[in-house]
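The primary structure of each chain is shown beneath.
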Amino acid sequence: YVRLWGLLANWDGYIEMARKGNFSHPRLLSHIIEEEYKLKKENSRKMRLSRAKIPEQFVIETFPFDRQPKLNKKKVLSIYDSFDYMGKSQNIIWVGPPGTGKTGLATAFLIQAIHHGYSGRFVAFPELIELLYQAVADHSHDAVINKFLAYDCLLIDELGYVEVEPMQVGLFFTLLHRRHKKKSTLITSNLGFQQWATFLKNNALTLALVDRLTENSLVFNMKECVSLRGKLSAL
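Keep in mind that this is a model prediction, so the values were computed, not measured.

Asks: Can you help me understand the packing of helix α8 (residues 166-179) against helix α10 (residues 203-215) in this one?
Replies: A packed helix pair is summarised by two numbers, namely the angle formed by the two axes and the spacing between the axes. Axis separation between α8 and α10 bottoms out at 10 Å; the angle between their running directions is 20 degrees. Comparing their axes, α10 and α8 come out roughly parallel. The handedness of the crossing between α8 and α10 is left-handed. Contacts from Val 169, Gly 170, Phe 172, Phe 173, Leu 176 and His 177 in α8 reach Leu 205, Ala 208, Leu 209, Arg 212 and Leu 213 in α10. Partitioned by chemical class, the residues of the contact of α8 with α10 number eight nonpolar, two polar and one charged.

Asks: I would appreciate a short explanation of the pairing of strand β2 (residues 120-124) in the present structure.
Replies: Consecutive residues of a regular strand have side chains that alternate between opposite faces of the sheet. Among the five residues in β2, four count as buried, and that is most of the element. Taken together, the five bridges between β2 and strand β3 (residues 153-159) define a ladder with parallel strand orientation. What sits directly across from Phe 122, in β3, is Leu 155.

Asks: Would you mind going over α10 with me for this structure?
Replies: Helical geometry note: an α-helix holds 3.6 residues per turn, so side chains three or four residues apart project in the same direction. Here α10 spans 18 Å end to end across 13 residues, near enough to the 18 Å set by a 1.5 Å rise per residue. Turning to α10, its buried residues number three or more, namely Thr 206, Leu 209, Val 210 and Leu 213. On an axial view of α10, the arc spanned by its buried residues comes to 95 degrees, and they lie on one face. Residues of α10 that are exposed and angled more than 90 degrees away from the buried face: Ala 204, Leu 207 and Asp 211. Buried positions along α10 lie against β1 (91-95), α8, β4 (184-189), α9 (197-200) and β5 (217-221).

Asks: How should I be thinking about helix α5 (residues 102-115) in this particular structure?
Replies: Helix length check: α5 (14 residues) gives 20 Å between terminal C-alpha atoms against 20 Å at 1.5 Å per residue, within 8%. Burial analysis of α5 places 13 of its 14 residues in the buried class, the great majority of the element. Phi turns positive one or two residues past the end of α5, at Gly 117, with a value near 100 degrees.

Asks: Mind showing me how you'd approach the pattern of salt bridges here?
Replies: For side chains bearing opposite charge, pairing can occur when the charged atoms are close. For the structure shown, the criterion picks out eight salt bridges. Glu 127 serves as the salt-bridge partner of Arg 121, at 3.2 Å between the closest nitrogen and oxygen. Given a relative accessible area of 2%, Arg 121 falls into the buried group. When its relative accessible area of 37% is taken as the criterion, Glu 127 is described as partly exposed. The network of salt bridges with common partners includes Glu 16, Arg 19 and Lys 20.

Asks: Hey, could you run me through unusual backbone geometry in this one?
Replies: Apart from glycine, the bulk of residues carry a negative phi angle, and the bulk of peptide bonds sit in the trans form. A positive phi angle is found at His 139, which is not glycine, with a value near 60 degrees. Using a relative accessible area of 66% as the deciding quantity, one classes His 139 as exposed. Look at Lys 201: it is not a glycine, yet its phi comes out positive at around 55 degrees. The partly exposed category is assigned to Lys 201, whose relative accessible area is 44%.

Asks: Explain the sheet that holds β2 here, please?
Replies: Backbone-to-backbone hydrogen bonds pair the strands of a sheet. The strands run either parallel or antiparallel. Across the sheet, which stays open at both edges, the five strands sit in the order β2-β3-β4-β1-β5 with parallel pairing between neighbours. With one partner strand each, in any of the chains shown, β2 and β5 form the two edges of the open sheet. Pairs of neighbouring strands in the sheet enclose a mean axial angle of 10 degrees, with direction left out of account. Sheet strands touched by helix α3 (residues 73-82): β1 and β5. Its angle to β5, the strand with the most contacts, is close to 150 degrees.

Asks: Before we go on, may I ask you to explain the side chain of Thr 188 in this structure?
Replies: Looking at the secondary structure, you find Thr 188 in strand β4. At a separation of 2.7 Å, a polar atom in the side chain of Thr 188 contacts the main-chain amide nitrogen of Glu 158. With residues near it in sequence (within four places) discarded, Thr 188 still touches Trp 94, Lys 102, Thr 103, Ala 106, Ile 156, Asp 157, Glu 158 and Leu 159.

The rules we used
Residues numbered from 1 in each chain as written. Predicted model: local features only at pLDDT ≥ 70, side-chain atom pairs only at ≥ 80, totals over all residues. Heavy atoms only, no water. Axes fitted to C-alpha atoms, helices over the stretch in contact; angles between N-to-C directions. Helix = DSSP H or I, 4+ residues; strand = E, 2+ residues; numbered from the N terminus. Parallel < 35°, antiparallel > 145°, perpendicular 65-115°, else oblique. Left-handed = near helix turned anticlockwise from the far one by under 90°. Contact = heavy atoms within 4.5 Å. Nonpolar A, V, L, I, M, F, W, Y, C, P; charged D, E, K, R; others polar. Buried < 20%, exposed > 50% of the residue type's maximum accessible area, 1.4 Å probe, protein only. Pairing = 2+ DSSP bridges. Expected span 1.5 Å × (residues − 1). Arc of directions from axis to C-beta. Salt bridge = Lys/Arg side-chain N within 4 Å of Asp/Glu carboxyl O. Polar contact = N/O pair within 3.5 Å; in protein donor to acceptor, adjacent residues only side chain to side chain.

Right under this line is the structure:
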């Protein structure tokens, strides 16, 4: 009833361990509670990882930095190792051509946040835009916005693949505006900031969005990096 699954599964083992080790009652109880805590914490991590809907679970340890000499490896690893971006609610943006490893790096950062106890979600930009489009149609946009606001770390992948209607642009801006300095957002894009107006089709909102995003963001320019298609390894 109290869902102590670790205790239930290991009851006989605990009793035998206590008998052989001559455990006192407090010591045995302390050990059981600690093991239960570890189990619940690990199950929670696995659940957050599953709910993040990550297509391929890339990790920083497998990223082929040796094949990307133009990428500032020291800067990437410094940000990753310090893990300051979540505490400061900073955004991280990767800009560059397809196949240069933007998604792999962003995914590694998202997984890192999840491992540290934060909630997260991976969403492709076309999927997000489609969800916003449906939300306009059935008047559920507040619920959709709140859903994506709730994630501590949100990864929006491949910004710029689809053109966006005016209402969707407004909702997209609202989402990022409300996450600003409150939650971390990871973004990958094939297009530089000066080109975002080509798919957002609203110069004023594009300028406001870029200004707001870059105010509290770490930006990696991967325009000179080579293609790594087929060379990234997932778990």
